[in-house]
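Residues per chain, in single letters:
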Amino acid sequence: MPKIKSTRQRIMIMLWALYKHTDAKHPMNLVRLNSFLEPYGLCYNKAVMKDTLRDMQEIGIDVRTRHKWDKHGAWVEERALDDEKLSKLIFAVDSNPYLSKEQVTEVLQFLMPLVTVYQEERLSIVTERTNETQLPEAVRRAHMVMSEAIGTHQSVMFKKSFHRAGAQSAKAVHFMPKRLLFEGGKFFAVGYHHARERIETVDLHEIAEIQLIQLHSPKTAKKAEQVLNEQESQKE
């Protein structure tokens, strides 16, 4: 591996090592810290390491040390996913009745880069499912696209599915969603119907095709935002 001499890169390597491989129960001493730096041609003494840990603390990283840290170790205390937050997140995903065991496992694996090596095993413990309630892929996609539209203040274009024999093909609907609802075992989106110029609730289970769109008229988008915001203000 190429040798690295910059202070910035030394901090980045040490920070990754501390975030991924330490917690209060598993501090990292000087020898072990250097074991992460050695593949890059680096090895530092106690004084340099102490200065680096202080630099991390000064930029807001919650690095803690014990007496004679070079022997007893340092660790990152406060992190984005501590044990309590991770437990809540795992429960939220694992208890979702619309996800299969394989889907839960896939979603939890996305968290792997964000947890310590001591938390990784928890991401592989998934509840066995005897009666899975599979959410149709069209509903799942409709939910994801609506959610993205809400987060980015965009509109969507969708077509509803028709099950009646001889029914004509659905017309495309331009719609700016504001919020998502779950009621009676079904997902809905509340938003502005551009053609009808009013607030409507859309059943996501009736959507066959959906995509994000960029409105050509800024006035149309502004009007939709205004109507939606007025409705939210009235609710408050």
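Just so we're clear, the structure is a prediction, and the values are computed from it rather than from any experiment.

The rules we used
Residues numbered from 1 in each chain as written. Predicted model: local features only at pLDDT ≥ 70, side-chain atom pairs only at ≥ 80, totals over all residues. Heavy atoms only, no water. Phe/Tyr/Trp six-rings, centres within 6.5 Å; stacked < 30°, edge-to-face > 60°. Helix = DSSP H or I, 4+ residues; strand = E, 2+ residues; numbered from the N terminus. Buried < 20%, exposed > 50% of the residue type's maximum accessible area, 1.4 Å probe, protein only. Contact = heavy atoms within 4.5 Å. Core = buried A, V, L, I, M, F, W, Y, C linked by side-chain atoms within 4.5 Å.

**Student:** Go over the packing of aromatic side chains, please, and point to the residues and values.
**Tutor:** Counted by the stated rule, this structure contains 5 aromatic pairs. Here the aromatic rings of W16 and F36 are separated by 5.9 Å at their centres, their planes lie at 70°, and the arrangement is edge-to-face. Here the residue W16 occupies a position in helix α1 (residues 7-21), and F36 occupies one in helix α2 (residues 30-37), the gap between them amounting to 20 residues. What makes W16 partly exposed here is its relative accessible area of 48%. On the basis of relative accessibility, which here comes to 17%, the residue F36 falls in the buried class.

**Student:** Describe the environment of A74, listing the residues and the values that go with them.
**Tutor:** Note on placement: A74 falls in strand β2 (residues 74-76). According to the relative accessible area criterion, A74 is buried, its value standing at 0%. The sequence separation of A74 and L53 amounts to 21 residues, and the corresponding C-alpha distance is 8.6 Å. Excluding residues that lie within four positions of it along the chain, A74 makes contacts with L18, T22, P27, M28, L53, V63, R64, T65 and W69.

**Student:** Explain the nonpolar core residue by residue, including any values.
**Tutor:** Core analysis: the biggest nonpolar cluster contains 21 residues, and L18, L33, M49, L53, M56 and V63 have the highest contact counts within it. Of all the secondary structure elements, the ones that give two or more residues to this core are α1, α2, α3 (46-58) and β2. In this view, M49 contacts M14, L30, L33, N34, L37, Y44 and W69; residues no more than four positions away in its chain are not counted. With 17 residues, the next largest nonpolar core counts L135, V145, V173 and I210 among its residues.

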